[in-house]
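An overview of the molecular structure
Residues per chain, in single letters:
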Amino acid sequence: MAVDFGPIWLSLRLAGITSLVLLVLLLPLAWAMARSRRAWIPFVESLFSLGLVLPPTVLGFYVLVFFSPASPIGTWLEANWGIRLAFNFQGLVLASLFAGIPYMLGPLQASMKAVPQTLLEASWALGKGPAETFIRVVLPAIRPGILVGLISTAAHTLGEFGVVLMIGGSIPDLTRVVSIAMYEAAESGNLCQAHAYALIMVSISYACVLAMNLIQ
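Moving on, we come to the overall build of the protein chain. Helix and strand content of the protein chain: 11 helices and 0 strands. Along the protein chain, helices and strands appear, N-terminal first, in the series α-α-α-α-α-α-α-α-α-α-α. By principal-axis analysis of the C-alpha atoms, the protein chain measures approximately 65 × 45 × 30 Å. The buried share of the protein chain, taken over its 216 residues, is 41%. Carbon and sulfur atoms make up 71% of the accessible area of the protein chain, which totals about 11700 Å². Counting 10 positive and 9 negative side-chain charges, the protein chain places the averaged centre of each group 15 Å from the other.

With respect to the helices, strands and loops of the structure, Pro130 is situated in helix H7 (residues 130-141). The exposure class of Pro130 is exposed, given its relative accessible area of 70%. Residues Pro130 and Leu120, spaced 10 residues apart in sequence, show a C-alpha to C-alpha distance of 9.0 Å.

Inspection of the secondary structure assignment puts Ser111 in helix H5 (residues 89-113). For Ser111, a relative accessible area of 15% gives the class buried. A polar atom in the side chain of Ser111 sits 3.0 Å from the backbone oxygen of Pro107. Those residues in contact with Ser111 that sit more than four places away from it in its chain are Ile142 and Gly145.

Glancing now at the pattern of salt bridges. Using the criterion set out here, one finds 4 salt bridges in the structure. Between Glu45 and Lys113 there is a salt bridge; the shortest N-O distance is 3.8 Å. Taken together, the residues span a long stretch of sequence, with Glu45 in helix H2 (residues 41-48) and Lys113 in helix H5 at a distance of 68 residues. Overlapping salt bridges, with partners in common, bring together Lys128, Glu132 and Arg136 in one network.

In this section: the packing of aromatic side chains. On inspection of all chains with the given rule, the structure shows 5 aromatic pairs. With a centroid separation of 5.7 Å and an interplanar angle of 65°, the aromatic rings of Trp31 and Phe134 are classed as edge-to-face. Remark: Phe134 occurs in helix H7 and Trp31 occurs in helix H1 (residues 6-35); sequence separation between them is 103 residues. Judged by relative accessible area, Phe134 falls into the buried class, the value being 17%. Grouping aromatic residues by their ring pairs yields a cluster made of Phe61, Tyr62 and Phe66. The aromatic ring of Phe89 is capped on one face by Arg13, whose charged end is 4.1 Å from the ring centroid.

With respect to the helices, strands and loops of the structure, Ser123 is situated in helix H6 (residues 117-125). With relative accessibility at 7%, the residue Ser123 sits in the buried group. What Ser123 contacts, discounting residues up to four positions off in sequence, is Lys128, Thr133 and Val137.

In a regular helix each residue adds 1.5 Å, so 30 residues correspond to 44 Å; H1 covers 43 Å between its end C-alpha atoms and thus fits that length. At Leu26, H1 shows its largest bend, some 45°, and a proline, Pro28, comes one to four positions later.

Within the secondary structure layout, Ile73 lies in helix H4 (residues 72-81). Sequence-distant contacts of Ile73, defined by excluding residues within four places in its chain, comprise Phe66 and Phe67.

Reading the values: rules and limits
Residues numbered from 1 in each chain as written. Predicted model: local features only at pLDDT ≥ 70, side-chain atom pairs only at ≥ 80, totals over all residues. Heavy atoms only, no water. Helix = DSSP H or I, 4+ residues; strand = E, 2+ residues; numbered from the N terminus. Buried < 20%, exposed > 50% of the residue type's maximum accessible area, 1.4 Å probe, protein only. Areas by Shrake-Rupley, 256 points an atom, 1.4 Å probe, with all protein chains shown as cover. Lys, Arg positive; Asp, Glu negative; His and termini not counted. Charge placed at Lys NZ, Arg CZ, Asp CG, Glu CD. Polar contact = N/O pair within 3.5 Å; in protein donor to acceptor, adjacent residues only side chain to side chain. Contact = heavy atoms within 4.5 Å. Salt bridge = Lys/Arg side-chain N within 4 Å of Asp/Glu carboxyl O. Phe/Tyr/Trp six-rings, centres within 6.5 Å; stacked < 30°, edge-to-face > 60°. Lys NZ or Arg CZ within 6 Å of the ring centre and 35° of its normal. Expected span 1.5 Å × (residues − 1). Bend = angle between axes of the 7 residues up to and from the residue.

In structure tokens, the structure reads:
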């Protein structure tokens, strides 16, 4: 039986967008948290790491509640910008961003904490400002952390089920990602297609784990 590759491409697209957007958004936050010694940092870290232990359906439920057309935020977005996040691909991206935060923030923060203070001081002594130091010294030094963050975030997004089901449902070519397609195939008794999706996901997951191990 032919495999519908639509859900696979949709999942890959979702994973790519989520990983890149989170990288851009979290780089400044990770740097600020890695260099700060404030007492409130552990509380902020715990908040952003909540996605590691919070049931995905709970996260998806609250994203749906806050951004549904019935909510004030959802009503405002649809009225002013024509954006409808519930049961749409944009909603999947938003939900995946929330779910993927700890998988990107953790590697970034860990690699930034490992940057030697002497490198920064040398850059400052040469007259480089904070922005130039970050671009020319910090980013090259944390390249392995960036790569691990991208891969781990993409891998998690590819396998996400609860969040995307709550916010997006199962609309072909729009929100029906590979995890949902595999579940529906198994539930309907189409085990051949379920096996095909599962083997593809196993292959991609193994490649991601191997890549992270080689980088580290």
